[in-house]
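What follows is the residue order along each chain.
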Amino acid sequence: MYKSYYKTIFFVFVSILAKAQHFTLKGGKLNDYEGRYTKQEFRISVNGLPNAADSSYGLEAVVLTLHHQRISDIKVTLEAPDGTNVWLTNRNGKEKGKHYINTRFSQFGKNGQISAANAPFSGNFVPDGRLEFVNNGQNPNGIWKVTIEDLKEGITGELDFVELIFSNKPACFIKSQQCSLANIGMCDCPNKKEDCELLPDLTIVPIFTQNQIQEYAWNHKTYPGQLRFAASIANIGYGPLEIVATQEWICGNQKVDTCQVCPDGSMSRLKVNQKIYAKKENQLFSREISAGTMYIENAPGHNHYHVDNWVEFRLVEIENGKKKLIAKGKKVSYCLYTTGSCYNNDGLCSIEGKMYGETMPNFGLGHYPTCNFDKQGISVGGFDTYGMLYEGQFIDLPKNLPSGSYWLEIEIDPNHIYTESNRKNNTFRMKYEITKQERK
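This section reports on the structure supplied with the text.

So, how was this worked out
- Residues numbered from 1 in each chain as written.
- Predicted model: local features only at pLDDT ≥ 70, side-chain atom pairs only at ≥ 80, totals over all residues.
- Heavy atoms only, no water.
- Helix = DSSP H or I, 4+ residues; strand = E, 2+ residues; numbered from the N terminus.
- Rg over C-alpha atoms; globule rule 2.2 N^0.38 Å.
- Buried < 20%, exposed > 50% of the residue type's maximum accessible area, 1.4 Å probe, protein only.
- Contact = heavy atoms within 4.5 Å.
- Areas by Shrake-Rupley, 256 points an atom, 1.4 Å probe, with all protein chains shown as cover.
- Pairing = 2+ DSSP bridges.
- Axes fitted to C-alpha atoms, helices over the stretch in contact; angles between N-to-C directions.
- Disulfide = S-S within 2.5 Å.

The next subject is the overall build of the protein. Per the secondary structure count, the protein includes two helices and 29 strands. The C-alpha atoms of the protein give 23 Å as radius of gyration, which agrees with the globular expectation for 440 residues (22 Å, within 12%). Burial analysis of the protein (440 residues in total) assigns 53% to the buried set. Within the protein, residue pairs in contact and separated by at least 24 positions form 72% of the contacts whose partners lie at least 6 positions apart. For the protein, the accessible surface area stands at approximately 20,200 Å², while carbon and sulfur atoms represent 48% of it.

Written out as structure tokens, the structure reads:
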């Protein structure tokens, strides 16, 4: 009798693992932006799954249909029962894109990154975040939440449905070896050394900027006379870029007790350190060095902590080897976390003629799934992307600027605050044709 009972249980368990399970909710009308931070929450009850979502069985994909006449207003986030959040899509589609129609989000969507695609988004895409973060061993049975934020006023939309697909082909972390902070002896050092500091190496992933760049006319209602573009920062070093918070808040040069509004109307800053890991005699060591500051960014679609002065944008002219600065954007803050990873087969991380992916030394070292105030970072082989319609992603063009060829420069860490193995690749340069008549 017991053998028959256990065989039945085993058969049911294997049957679950052998097929995908789908959980669907019907949506509803979406609210327009109301001039303040709001979001709509749609809940999906999941049950009957194995008690651990991991590399054997877990979330494979999310499918949705969402009608909106200006889809770049919309940010969609998935939240797992344990609170882990993943951005599915954030302000994509550029200005004239419409609708998500049976849009599938999966780890290796054959239609590529959603941020580089064109609306209507019908197909299988890589989301703005990493689905593998939710397959972290948590119990997937419970309430999953899909939150939708409309970040620009004037147009309303409707969510038709959202579907969660769980299977034995889940999104999962791919590692080229067993290197981790818990198993530092398996990590490589540069030049095959035995002992070393595992430093990050930050650089721009060109394809994101190349696919998302646009000059706007001077009579444009929202972006008059702006050159807007995306920027994606990858870590191609041997160690993670990690930022940890201190306990010291400041307004200008004055210490304050906590996060608060300063007398000048700005938000107080929290001083941060950079944490640097090292391998010595196969043991893990670390040290912290004073770095920059972070603050709470409450602009639409954010409401989380940003690291100050992370990138700077410049438009320059180069003649006879001499560079002339034409215009400069402000230093822009970023929330630092791993929104995506370089994989050999998708061709995204082709940088200066070299392809980066899971064959990199120490690929995946570091874990940074959210914009927490206590710790942020970019893992080895990971990247952090900001789309062209995010706040601050622009340069104001001079009104009298002649048409012609110019160079867009994007510099990571322009104040040289953070320690890296190589600063020579921190500045990305791309030629762009300015067309004066389009800006009248």
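Let us look at the sheet that holds strand β12 (residues 213–215). The three strands are arranged β12-β13-β27 in an open sheet whose pairing can be described as antiparallel. In this open sheet, the two edge strands, each paired with only one partner strand, are β12 and β27 (394–396). Geometrically, the sheet is characterised by an average inter-axis angle of 10° between neighbouring strands, direction not taken into account. Here three bridges tie strand β13 (residues 226–229) to β27, and the two strands are oriented antiparallel to one another. Within β27, the position partnered with Leu 227 by the bridge is Ile 395.

The next subject is the environment of Ser 268. Residue position: Ser 268 is located in the loop between β16 (254–256) and β17 (269–280). C-alpha separation for the pair Ser 268 and Met 294, spaced 26 residues apart in sequence, amounts to 8.7 Å. Ignoring sequence-local partners within four residues, the contact set of Ser 268 consists of Trp 249, Ile 250, Cys 251, Val 256, Thr 258, Cys 259, Gln 260, Cys 262, Met 294 and Tyr 295.

Let us look at the sheet that holds strand β26 (residues 382–386). Taking strand neighbours across the sheet as the criterion, the four strands line up as β11-β14-β26-β22 in an open arrangement whose pairing is antiparallel. The sheet is open, and its two borders are formed by β11 (202–204) and β22 (340–341), each paired with just one other strand. Relative to strand β14 (residues 231–235), β11 runs antiparallel, the two sharing three bridges. Its bridge partner being in β14, Ile 204 is matched across the sheet by Ile 233.

The subject of this paragraph is the state of the cysteines. All told, the structure shown has five disulfides when counted by the stated rule. Here Cys 179 pairs with Cys 187 through a disulfide, and the sulfurs are 2.0 Å apart. Negative torsions about the S-S bond denote left-handed disulfides, and the value of about 90° found for Cys 179 with Cys 187 makes this one right-handed. Of the two residues examined, Cys 179 and Cys 187, each falls in the buried class. Paired by a disulfide, Cys 335 and Cys 371 hold their sulfur atoms 1.6 Å apart. Judged by the torsion about the S-S bond (-90°), the Cys 335/Cys 371 disulfide is left-handed. With Cys 335 in the loop between β21 (332–334) and β22 and Cys 371 in the loop between β24 (354–355) and β25 (375–378), the pair connects residues that are 36 residues apart, well separated along the chain.

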